[in-house]
Amino acid sequence: MSVNVKWIGNAFFIIRTDDKLIFTDPWITNNPGVEITVEEAAAMKPTHILVSHGHPGHYGRGDSVKIANLSQTTYYSTKEVIHYVQERDLLHTSYLGFEPGTKLFADGVDIEMLSVVHPPEPPVAPEWKDLPGAPNTINVIQVAGKTLLHVGDTMLDPAYDYIAETYQIDLAMLPLWGKGMGSDESTAVSNMTTIVNKLKPKYVMFHNRWDPNRPAWNAFFKATEGIEFATTFLDQHPGVSVDL
């Protein structure tokens, strides 16, 4: 059974198997480069919606909840995000909130949620000030015989040593520096170089808020020129996909 992973924009990826359709951090509205609507995403009938943490670009500025409600898909996130949406009566479908360190067996998809250090946080708009950005989680997703790592935001963290010792990652979805991210470009490039070298994934898909000039992408490959990685880097543009 094959696994197809497609980058939509920012940390939003679609993971597709024969019988599963997983959305990670779905943000659509006013997300540069995204070419589908909330309604079109919901009509795809995802089987899982997974939100890594509560910062606006990962919660999707409400898009993740809208898609879950329209499609009646189970919504997975931290207990803090689930409490936020429950308290405001925003989510009208099934849900599960879990803590970092939890291993979840979710309808044929195995997920291990780990907490990692978040980069310095940029200011958020007043309407999102109560949205809980902590804990900041990354997720190891095992489905159809493949092991994927989805990272929304990160700094260097001991969690990557644990992942490298425990899993062989087929695809790592990793954040590069970009608009809305708190770390500076040089720190982000250095961090990603270290993380990729630790994990040695078969493939890497970088993500950030789309900029057609790809400044972070260009900076990464300029800074790492001459370094041999035990991985294949997939091109970065909205819609890029890979079959595993």
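Numbers given for residues are sequential positions, taken from 1 along each chain in its written order. Given that this is a predicted model, residues contribute local features only at a pLDDT of at least 70 and side-chain atom pairs are listed and counted only at 80 or more, while totals for whole chains, interfaces and linings are drawn from all residues. Values reported for side chains reflect all heavy atoms of the structure, with hydrogen atoms and water molecules removed beforehand.

Chemist: Sorry, what's going on with the sheet that holds strand E11 (residues 171–175) here?
Modeler: The strands that make up a sheet pair up through hydrogen bonds in the backbone, lying either parallel or antiparallel. Pairing between two strands is assigned when DSSP locates at least 2 bridges connecting them. Secondary structure elements follow DSSP: runs of H or I of four or more residues count as helices, runs of E of two or more count as strands, with numbering from the N terminus. Taken in spatial order, the seven strands make up an open sheet running E7-E8-E9-E10-E11-E12-E13, and their pairing is mixed. The open sheet has two edge strands, strand E7 (103–106) and strand E13 (232–233), and neither has a second partner. Bridge count between strand E9 (residues 137–143) and strand E10 (residues 146–151): six bridges; the pairing is antiparallel. Looking across to E10, one finds that Ile138 is bridged to Val151. This element, helix H5 (residues 159–166), spans E7, strand E8 (109–115), E9 and E10 of the sheet and lies at about 150° to E8. On the sheet, helix H6 (residues 185–199) packs against E10, E11, strand E12 (203–207) and E13 and is oriented at approximately 165° with respect to E11. Contact definition: two residues touch when any of their heavy atoms are within 4.5 Å. Only the contacting stretch of a helix is used when fitting its axis, a line to C-alpha atoms as for every element, and angles between N-to-C directions run 0 to 180 degrees.

Chemist: Quick question: what am I supposed to make of the packing of aromatic side chains here?
Modeler: The way to describe two aromatic rings as a pair is by their centre distance and the angle between their planes. Centre distance within 6.5 Å is the pairing criterion for rings of Phe, Tyr and Trp, where only the six-membered ring of Trp is used; planes under 30 degrees apart are then read as stacked, over 60 as edge-to-face, and the remainder as tilted. Throughout the structure, instances matching the rule amount to twelve aromatic pairs. Note on Tyr59 and Tyr84: the rings are 6.0 Å apart at their centroids and 90° apart in plane angle, and the pair reads as edge-to-face. On the criterion of sequence distance, the pair formed by Tyr59 in helix H2 (residues 56–59) and Tyr84 in helix H4 (residues 79–87) is long-range, its members being 25 residues apart. Here's how the labels work: a residue is buried when its accessible area is under 20% of the maximum for its type, exposed when over 50%, partly exposed in between, all with a 1.4 Å probe on protein chains only. Its relative accessible area of 2% is what places Tyr59 among the buried residues. Its relative accessible area of 7% is what places Tyr84 among the buried residues. An aromatic cluster of at least three residues, connected via ring pairs, comprises Phe206, Trp217, Phe220, Phe221, Phe229 and Phe233. When the ring centre of Trp27 is taken as origin, the NZ or CZ atom of Arg61, which lies over that ring, is 4.4 Å away. By the criterion adopted, a ring carries a charge over it if an Arg CZ or a Lys NZ lies within 6 Å of its centre and within 35 degrees of its normal.

Chemist: How should I be thinking about the sheet that holds strand E1 (residues 4–9) in this particular structure?
Modeler: Pairing is mixed across the open sheet formed by seven strands, whose spatial order is E6-E5-E4-E3-E2-E1-E14. Both edges of this open sheet fall to strand E6 (95–98) and strand E14 (241–243), since each of them pairs with a single strand only. Going from strand to strand, the sheet's axes swing by 15° on average, the running direction of each strand aside. Docked against the sheet, H4 engages strand E5 (74–78) and E6, running at close to 120° with respect to E5.

Chemist: Teacher, can you tell me more about the pairing of E12 here?
Modeler: Both faces of the sheet carry side chains from a regular strand, because those side chains alternate between them. By the criterion of burial, E12 is predominantly enclosed, with four of the five residues buried. Relative to E12, E11 runs parallel, the two being bridged by five bridges. Bridge pairing in E12 places Leu174 opposite Phe206. Note that E12 and E13 share two bridges and pair parallel. Note on E13: the bridge partner recorded for Val204 is Phe233.

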